[in-house]
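What follows is the residue order along each chain.
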Amino acid sequence: MTEPRPLKIYNTLSGKKEEFRPITPGHIGMYVCGPTVYSDVHLGNCRTFCSFDNIYRYLLHIGYKVRYVRNITDVGHLTDDGEDRMTKGAKVAQLEPMEVAQRYTVGFHDMMRIFNTLPPSIEPRATGHIIEQIEMVQQILDRGLAYERNGSIYFNVPKFAGEYAGVYGSVSGRILEDLYTETRELKSQEEKNHPADFAIWMKARPQDLMIWNSPWSVGFPGWHLECSAMSTKYLGKTFDIHGGGNDLKFPHHENEVAQNHGACGCHPANYWVHTNMLLLNGKKMSKSDGNTISPTELFTGTSEHTSKAYSPMAVRFFMLMAHYRSTLDITDDGLMAAEKGFLKIMETNRLLQNLVVNARDFDGSETPSDRAISSLIQEAYAGMDDDFNTAIAIASLNEMGSFVHKLSNQQLATSEVSPWVLDRMKVVFSTFLFDIFGLADESATGSDTGTVEGLMNLILEIRAQARTQKDWGTSDKIRDTLSAVGITVKDGKEGVSWAKA
RNA sequence: GGUUUCCUGGCCGAGUGGUUAGGCACAGCUCUGCAAAAGCUGCUACAGCGGUUCGAAUCCGCUGGAAACCUCCA
C-alpha cells in the first residue's frame with residue numbers, strides 16, 4: 001500500500017462519519033463481539049458477522065494488514081433469571097456446559113462457512129482467558145474503581161464517572177443520573193452501591209457449574225469483562241476498531257469501555273462501529289417472543305414467513321443491498337427481488353469474463369463508454385470508502401452490467417470499449433463480487449458440474465438440430481421441460497446458453 | 001416513564017442543501033418461428049403542517065405513525 005485510502009467510518013463515539021486513521025500506518029486491529037454459544041446462531045447474528053466480514057474484506061482489499069479478533073462467549077452471560085446461559089443450556093440438554101459450548105461453536109462455524117465469511121484472525125474463548133480476566137479485576141481493584149461484596153466484585157460506576165469525566169455514556173449516550181430513575185425492578189442487586197454498578201467477578205451460587213478459583217471467591221467473571229481482557233491481550237490497550245450489534249451498546253460496550261479505562265486509564269478503541277438490527281414483520285427478531293426465522297429455515301423454505309427457499313448467497317446479497325447501519329426488514333418480496341438481482345449479477349459477471357475485444361481495433365483514445373465505465377468503477381470504490389456503502393457499490397456494478405450485456409449482445413460495438421478498460425472492469429467486477437462482498441457462484445458448485453455440462457450440451461445440440469429443421473414441437477418440448485425443472489434456455493445471437501433459475 | 005432512531009415511488013432500498021441511485025414488479029418497443037433471456041424507453045417519490053434558505057427528501061420546530069435501548073439478545 002503506497003497511499004492510504006481516504007476512508008470514512010461512522011464512529012458511534014462522535015455520532016458521525018470520521019476520516020479513518022489507523023494507530024500504526026498500514027495495520028488495523030479490529031475486535032468484534034462474537035456469539036454466546038448456548039443455542040443455534042440466529043439470523044441477526046449472521047447479518048452482523050456478514051457486515052463485519054465485508055468490512056474486514058474491504059480493509060484487506062485496500063491493502064491493510066488486519067488482525068481481526070472475534071470472541072466466543074462461553075461463560076458469564078446470564079439470563080433474565082440470573083442463570084448462566086451455558087448452564088441453562090446444559091441442564092436442558094443434559095450435557096456438560098462445555099459440551100453445549102462445543103456443539104454450538106461448531107454449528108456457528110458451519111453457518112459462517114455457509115455464508116462464506118472469512119474466519120477471524122483470532123477467535124478467543126472466555127473460558128480460555130479466566131486468568132487474564134482475574135488479572136484485570138485486580139487492576140481495577142488496585143485503581144480503587146471496584147469494591148468487594150460477599151466475594152463478588154462490582155465496578156464502581158459513579159466513582160469512575162467522577163474520575164473520567166465524559167467517558168461513561170460515550171458509547172450509548174446514556175446519562176448516569178438517569179440510570180437511577182430508569183432502572184426498574186432491581187433483581188438481586190441489593191449488593192450494589194448503585195444500580196449502574198455491574199459485576200466483574202461473581203461469587204458462585206450452588207447452582208453454578210462453570211466456576212473457577214480467584215483471590216476473592218470461587219466464581220466466574222462478569223460477562224462484559226471477557227471482551228475487555230481479550231481485546232487488550234491480542235490487540236493492545238488501545239486499538240483501532242471495536243464492533244458489534246447495536247443492541248450491545250448498552251450495557252455491554254459502555255461497561256467494556258469503563259473496565260478498560262478502569263484497568264489502564266485509556267480508551268480501548270478509537271472507532272466504535274455498530275451494525276443495525278434485522279427485522280421480521282417490522283420488528284426486531286427475537287427468540288423469546290417467537291418473532292424469528294432461522295438461517296436453516298430460510299435456506300429450506302420451511303418457515304411460515306417465506307413462500308420458498310432462498311440460497312445463502314441470495315440472502316447475503318439481500319443484506320448487501322442495505323447499508324449496515326440501517327435496519328433491514330426481512331420480507332418475502334424483498335428476498336425474491338434480491339434473489340433475482342443476485343442471479344442476474346452473477347450471470348453478468350460470467351458474460352463479462354468471457355468478453356473478448358481485439359486490441360487492434362483501437363487507436364488508444366478514450367471512448368465515451370470508456371469514460372462512463374471508468375467513472376462507475378470510481379463510484380463503486382467511493383461507495384465503499386464512504387462507510388462501507390455496499391448498496392452504492394452494487395448500484396455501480398449494475399450500471400456496469402448494462403454495458404456488459406450490450407457488448408455481449410452486440411448492441412454496443414466492441415470497438416466502443418478499449419481493451420484495457422474491459423480488463424479493468426473484469427477485475428473490478430469479480431473483485432467486488434467475490435473478494436469484497438464475499439459472494440460465491442452457487443451454480444458452479446457441486447462435483448457433478450462436468451456431467452451436467454455434458455448433458456446440457458447434448459440436449460441443446462439436439463434442440464438446435466430440431467430448430468434448423470423447423471421442428472418447433474421438439475424444440476419447444478425441450479425448452480419447456482427444462483424450464484419445468486428450473487433451467488432457463490437463453491437464445492442469443494452468439495448461440496444458446498442456459499442457467500438455473 | 002426516560003433516552004434515541006426512523007418514516008423515500010407498487011415493493012425492497014441508497015441518498016443529508018441544488019444533478020437519473022440501484023434492484024424487483026409493471027407497460028411499450030427491439031430481437032425471436034413463438035417465447036424466454038438481453039437491451040432500450042417509460043413510471044421520477046421523499047408521512048403531514050409550518051419555518052430557515054435564492055433553493056430542502058436532506059437543516060429547524062410541531063403533529064401523526066413505527067421501532068430500538070433502558071432487562072438476556074448481533
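In the block above lies the structure referred to throughout.
Residues numbered from 1 in each chain as written. Chains lettered and ligands numbered in written order. Predicted model: local features only at pLDDT ≥ 70, side-chain atom pairs only at ≥ 80, totals over all residues. Heavy atoms only, no water.

Trainee: Looking at this model, I keep getting lost on the pattern of salt bridges. Mind explaining?
Mentor: Oppositely charged side chains are able to pair whenever their charged atoms sit close together. The tally for this structure, following the rule as stated, stands at 18 salt bridges. Residues Glu339 and Lys308 are paired through a salt bridge, measuring 2.8 Å at the closest nitrogen-oxygen approach. Here Glu339, found in helix H11 (residues 332-354), pairs with Lys308, found in the loop between helix H9 (295-300) and helix H10 (312-320); they are 31 residues apart in sequence, far enough to count as distant. Accessibility expressed as a relative area gives 17% for Glu339, which makes it buried. By relative accessible area, Lys308 is classed as partly exposed at 29%. One connected set of salt bridges, linked through shared partners, spans Glu347, Arg350, Asp441 and Lys490. (Salt bridge = Lys/Arg side-chain N within 4 Å of Asp/Glu carboxyl O. Helix = DSSP H or I, 4+ residues; strand = E, 2+ residues; numbered from the N terminus. Buried < 20%, exposed > 50% of the residue type's maximum accessible area, 1.4 Å probe, protein only.)

Trainee: Explain the protein's contact with RNA strand B to me, please; I cannot follow it from the model alone.
Mentor: Around RNA strand B, the surrounding shell holds 57 residues, and the nearest of these are His77, Arg85, Trp223, Gly245 and Lys284. The backbone of Gly245 places a nitrogen or oxygen atom 2.3 Å from a sugar or linking oxygen of RNA strand B. Separating a phosphate oxygen of RNA strand B from a side-chain N or O atom of Lys406 is a distance of 3.3 Å. Elements with a minimum of two residues in the surface near RNA strand B: helix H1 (43-61), strand E9 (239-245), strand E12 (283-284), strand E13 (328-330), H11, helix H13 (390-408), helix H16 (472-484) and strand E14 (487-492). Ranked by the residues each element gives to the surface near RNA strand B, the list is headed by H13, at eight residues. Grouping the amino acids of the surface near RNA strand B by side-chain chemistry returns 16 nonpolar, 21 polar and 20 charged. (Near = heavy atom within 4 Å. Polar contact = N/O pair within 3.5 Å; in protein donor to acceptor, adjacent residues only side chain to side chain. Nonpolar A, V, L, I, M, F, W, Y, C, P; charged D, E, K, R; others polar.)

Trainee: I'm lost on the environment of Phe220 in this one. Help?
Mentor: Structurally, Phe220 is set in strand E8 (residues 219-221). Linking Phe220 and Thr481, residues 261 residues apart in sequence, is a C-alpha distance of 63 Å. If we skip the residues at most four places from it in the chain, Phe220 touches Val75, Gly76, Leu78, Trp201, Met202, Ala204, Arg205, Asp208, Met210 and Trp212. (Contact = heavy atoms within 4.5 Å.)

Trainee: Explain the sheet that holds strand E10 (residues 269-275) to me, please; I cannot follow it from the model alone.
Mentor: One key point about sheets: their strands pair by backbone hydrogen bonds, in either a parallel or an antiparallel sense. Ordered in space as E4-E3-E9-E10, the four strands form an open sheet in which the pairing is parallel. The open sheet has two edge strands, strand E4 (65-70) and E10, and neither has a second partner. Put simply, the sheet's adjacent strands are angled 20 degrees from each other on average, direction ignored. In this fold helix H7 (residues 225-235) packs onto strand E3 (27-32), E4 and E9, with an angle of close to 160 degrees to the strand it touches most, E3. (Pairing = 2+ DSSP bridges. Axes fitted to C-alpha atoms, helices over the stretch in contact; angles between N-to-C directions.)

Trainee: For this particular structure, what's the right way to read the state of the cysteines?
Mentor: Simply put, the disulfide is a covalent bond whose two ends are the sulfur atoms of two cysteines. Under the defined criterion, the tally for this structure stands at one disulfide. Free of any disulfide, Cys33 has its nearest cysteine sulfur in Cys227, 3.8 Å distant. For Cys33, a relative accessible area of 5% corresponds to the buried category. Take Cys50: it sits in no disulfide, and the sulfur closest to it among the cysteines is that of Cys46, at 6.4 Å. (Disulfide = S-S within 2.5 Å.)

Trainee: Looking at this structure, I do not really get the nonpolar core. What am I missing?
Mentor: Side chains that are nonpolar tend, in soluble globular proteins, to be buried together. With 94 residues, the main nonpolar core has Leu43, Phe432 and Phe437 as its most contacted residues. In terms of residues, this core owes the most to one element, H1, which gives nine residues. What Phe432 contacts, discounting residues up to four positions off in sequence, is Ala380, Tyr381, Met384, Ala393, Leu397 and Phe437. Of all hydrophobic cores here, the second largest spans 36 residues; its members include Ile130, Phe160, Tyr164 and Ala229. (Core = buried A, V, L, I, M, F, W, Y, C linked by side-chain atoms within 4.5 Å.)

Trainee: Before we go on, may I ask you to explain the pairing of strand E6 (residues 152-155) in this structure?
Mentor: Sheet faces and side chains relate simply in a regular strand, where the side chains alternate between the two faces. Of the two faces of E6, the one holding Ser152 and Tyr154 and the one holding Ile153 and Phe155 are both buried throughout. Note that strand E5 (residues 146-149) and E6 share four bridges and pair antiparallel. Note that in E6 the partner of Glu148 across the bridge is Ile153. Here E5 folds back onto E6, and the loop between the two strands holds two residues, one of which, Asn150, carries a positive phi near 50 degrees.

Trainee: Any chance you could explain the sheet that holds E13 here in plain terms?
Mentor: One open sheet accounts for three strands, arranged E12-E11-E13; its pairing is mixed. One side of each edge strand has no neighbouring strand; the edge strands of this open sheet are E12 and E13. With three bridges joining them, strand E11 (residues 278-280) and E13 adopt parallel strand pairing. Its bridge partner lying in E13, Leu279 is registered against Asp329.

Trainee: How should I be thinking about unusual backbone geometry in this particular structure?
Mentor: A negative phi angle characterises most non-glycine residues, just as the trans form characterises most peptide bonds. Here the bond from Phe250 into Pro251 is cis, since omega is 0 degrees, no more than 30 degrees from zero. Secondary-structure assignment places Pro251 in helix H8 (residues 249-264). The phi dihedral of Gln410 is positive, around 60 degrees, even though this residue is not glycine. With respect to the helices and strands, the residue Gln410 is situated in the loop between H13 and helix H14 (419-436). Residue classification places Gln410 among the exposed positions, given a relative accessible area of 51%.

Trainee: Even after reading the chapter, I still don't get the environment of Trp201, so can you show me in this structure?
Mentor: For Trp201, the position within the fold is in strand E7 (residues 198-203). With relative accessibility at 0%, the residue Trp201 sits in the buried group. Sequence separation between Trp201 and Gln133 is 68 residues; the distance between their C-alpha atoms is 8.8 Å. A polar atom in the side chain of Trp201 sits 3.2 Å from the side chain of Ser214.

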